[in-house]
Amino acid sequence: MNPFNKKTTLFIFLTLGTVVLFLLNLSLGSISIPIKSLFSLFIGESSGKETWDYILLNYRLPKAIAAILVGMGLSISGLLMQTLFRNPLAGPYVLGLSSGSSLGVAFVLLGAGFLPNFLASILLSSYGIILASSLGSFCVLVAVLLVSRKLRDTMAILIVGLMFGSFTSAIVGTLSYFSSAEQLQKFTFWSMGNLGNLSWNSIAILFCCVIAGLLLSFFSIKPLDSLLLGENYAKSLGLNYAKARYIILIATSILAGSITAFVGPIAFVGLAVPHIAKLVFQTSNHYILFWGTLLFGAVIMLVCDIISQVPGADFTLPINAVTSIFGAPIVIWLLIRKQKLVG
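Residues numbered from 1 in each chain as written. Predicted model: local features only at pLDDT ≥ 70, side-chain atom pairs only at ≥ 80, totals over all residues. Heavy atoms only, no water.

J.: Even after reading the chapter, I still don't get the overall build of the protein chain, so can you show me in this structure?
T.: Looking only at helices and strands, the protein chain has 15 helices and 0 strands in total. Expressed along its principal axes, the backbone C-alpha trace of the protein chain runs to roughly 60 × 60 × 35 Å. With 343 residues in all, the protein chain has 52% of them scored as buried. In the protein chain, once contacts between residues fewer than 6 apart in sequence are set aside, the share between residues at least 24 apart is 76%. Put simply, the protein chain has 19 plus and 9 minus side-chain charges, and the middle of one group is 16 Å from the middle of the other. (Helix = DSSP H or I, 4+ residues; strand = E, 2+ residues; numbered from the N terminus. Buried < 20%, exposed > 50% of the residue type's maximum accessible area, 1.4 Å probe, protein only. Contact = heavy atoms within 4.5 Å. Lys, Arg positive; Asp, Glu negative; His and termini not counted. Charge placed at Lys NZ, Arg CZ, Asp CG, Glu CD.)

This is the structure in structure tokens:
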């Protein structure tokens, strides 16, 4: 089998896997719904029971769509950061966007007691928390972009992002110290991530943000290939390095910032999925890696969401815990397997 056919076969399997896992995600949970009933609902008919219709349309379908969007968005933003900084440990939150979102949410959840009652009630609503998270992420983005205009060294931007993350984490820690147990519990639940509380309006907004970020990422494929051999090599090929870096930073910020705002910080996916795609596809071509990372992100996030639902049980596990527990051993196994094959 030649490499082209091998990669094509992998793409076909990943696409089919995404479809199958999407259906399983809708079917499994505390209440199992037959696959046949899902198809009835998709063609506009009733699934057979009103409770099934309600669960599917108002909870499981938006959650499954959110899982796909989150998996794709975080995975691609991780790929962008790892290539731009030429650092395998870089992830979508390396610019401090997650910390900025956490700071915005912390001000609302942990500092609500210092606000007037009418303002606190508005901010503590689901859209208020999304707004606070978005503003926090946006403020860090603006700060990073302003600093990036003054810095020529890309690694310096990485350090600046880490410093912003440390600074905002320190403020969150201070707010936590003076907060009540109830406030801390709410903030802890948010920080664990949650795919299941999104309305269809929220899904529509998140979809638009992720598509915008993915389009910017897709148009950055050629610059990313040029950056593999370093900044000077990319410039020798005629690449407008400053412009390319700016677009990559914007794309990552849109993806990571919007996802964190709607579902909270999700660990592992953005860091590990690009490595999985590289190990499986055995290529550095970003056109192949873009689509491979996209599909792997959707597949892994759907699997993690199915596990977090604990089929047949009445409780769900935090999605953040599942992504890390499920994902870390896979990456370790793939890396060990690669070393054995090379050796």
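J.: Got a minute to help me understand the packing of helix α4 (residues 97-109) against helix α8 (residues 181-191) in this structure?
T.: Helices that pack against each other are described as a pair by the angle of their axes relative to one another and the distance between those axes. Orientation of α4 relative to α8, taken along the N-to-C sense of each, is 150°, at an axis distance of 10 Å. Taken together, α4 and α8 sit at an angle that is classed as roughly antiparallel. Read as a crossing pair, α4 and α8 show a hand that is right-handed. Together, S101, S102, V105, A106 and L109 of α4 and Q183, K186, F187 and W190 of α8 make up the contact between the two elements. When the residues that make up the contact of α4 with α8 are grouped by side-chain class, the tally is 5 nonpolar, 3 polar and 1 charged. (Axes fitted to C-alpha atoms, helices over the stretch in contact; angles between N-to-C directions. Parallel < 35°, antiparallel > 145°, perpendicular 65-115°, else oblique. Left-handed = near helix turned anticlockwise from the far one by under 90°. Nonpolar A, V, L, I, M, F, W, Y, C, P; charged D, E, K, R; others polar.)

J.: Is there a simple way to explain helix α3 (residues 50-84) in this structure?
T.: Since there are 3.6 residues in each turn of an α-helix, residues three or four apart along the chain are aligned in direction. In this model, α3 (35 residues) spans 50 Å end to end at C-alpha, consistent with the 51 Å of a helix rising 1.5 Å per residue. Along α3, the sharpest change in direction is near 45° and occurs at L56. Within α3, 28 of the 35 residues are buried, leaving the element largely enclosed by the surrounding structure. Looking one or two residues past α3, R86 carries a phi angle of roughly 50°, positive in sign. (Expected span 1.5 Å × (residues − 1). Bend = angle between axes of the 7 residues up to and from the residue.)

J.: What is the right way to look at the nonpolar core in this model?
T.: A general feature of soluble globular proteins is that nonpolar side chains tend to end up buried together. In this structure, M81, F85 and L95 are the most contacted members of the largest nonpolar core, which totals 85 residues. When residues in this core are grouped by element, the largest group, 17 residues, is from α3. Leave out the neighbours within four places in its chain, and F85 touches A90, V94, L95, T154, M155, I157 and L158. Grouped together as the second largest cluster of nonpolar side chains are 10 residues, L109, I129, F187 and W190 included. (Core = buried A, V, L, I, M, F, W, Y, C linked by side-chain atoms within 4.5 Å.)

J.: Explain the environment of L227 to me, please; I cannot follow it from the model alone.
T.: Its place among the elements puts L227 in helix α10 (residues 221-227). Once the C-alpha coordinates of L227 and T83 are considered, the two residues, 144 residues apart in sequence, prove to be 7.0 Å apart. Excluding residues within four positions of it along the chain, L227 makes contact with T83, L84, R86, A234, L239, Y241 and I248.

J.: What exactly am I supposed to notice about the packing of α3 against helix α12 (residues 241-263) here?
T.: Close contact between α3 and α12 brings their axes to 9 Å; oriented N to C, the two are set at 150°. Of the two possible hands of crossing, α3 and α12 adopt the one that is left-handed. For the pair α3 and α12, the contacting residues are L69, V70, G73, L74, I76, S77, L80, M81 and L84 in the first and Y241, R245, I248, L249, A251, T252, L255, A256, I259 and V263 in the second. The residue makeup of the contact of α3 with α12, split by class, is 15 nonpolar, 3 polar and 1 charged.

J.: In this structure, what is going on with a nonpolar patch on the surface? I would like to understand it.
T.: Among the surface-exposed residues, V20, L24, I35, F39, F42 and I43 lie close enough to one another that they form a single nonpolar patch of about 530 Å² accessible area. With 3 residues, the top contributor of residues to the nonpolar patch is helix α2 (residues 35-42). Inspection of the secondary structure puts V20 in helix α1 (residues 3-27). (Patch = residues over 30% accessible without salt bridge, like charges linked within 9 Å, V, L, I, M, F, W, Y side chains within 5 Å. Areas by Shrake-Rupley, 256 points an atom, 1.4 Å probe, with all protein chains shown as cover. Salt bridge = Lys/Arg side-chain N within 4 Å of Asp/Glu carboxyl O.)

J.: Help me out: how do you make sense of the environment of W200 in this one?
T.: Looking at where W200 falls in the secondary structure, it is placed in helix α9 (residues 200-218). In this structure W200 comes out as partly exposed when scored by relative accessible area, which is 39%. For W200 and L57, which are 143 residues apart along the polypeptide, the C-alpha to C-alpha distance reads 9.4 Å.

J.: Please clarify how the packing of aromatic side chains should be interpreted in this entry.
T.: Aromatic ring pairs are reported here in terms of the distance separating the ring centres and the angle at which the planes meet. A full pass over the atoms with the stated rule returns 10 aromatic pairs. Taking the centre distance of 5.6 Å and the plane angle of 65° together, the rings of F218 and F290 count as edge-to-face. Of this pair, F218 sits in helix α9 while F290 sits in helix α14 (residues 286-309), and the two are 72 residues apart along the sequence. Accessibility expressed as a relative area gives 30% for F218, which makes it partly exposed. Taking the relative accessible area as the measure of exposure, F290 reaches 4% and is therefore buried. Plain terms: the ring middles of F290 and W291 are 5.1 Å apart, the flat faces sit at 90° to each other, and that makes the pair edge-to-face. Within the aromatic cluster, the residues linked to one another by ring pairs are F218, F219, Y287, F290 and W291. (Phe/Tyr/Trp six-rings, centres within 6.5 Å; stacked < 30°, edge-to-face > 60°.)

J.: Would you explain the pattern of salt bridges in this entry?
T.: Between side chains of opposite charge, a pair can form when the charged atoms approach closely. Under the defined criterion, the tally for this structure stands at 2 salt bridges. Taking the shortest distance from any N to any O, the salt bridge between D305 and K63 comes out at 2.9 Å. Of the two residues, D305 sits in helix α14 while K63 sits in helix α3, which places them 242 residues apart along the sequence. E182 is the salt-bridge partner of K186, the closest N and O atoms lying 3.9 Å from each other. Of this pair, K186 and E182 both sit in helix α8, 4 residues apart, roughly one helical turn. For K186, a relative accessible area of 41% translates into the label partly exposed.

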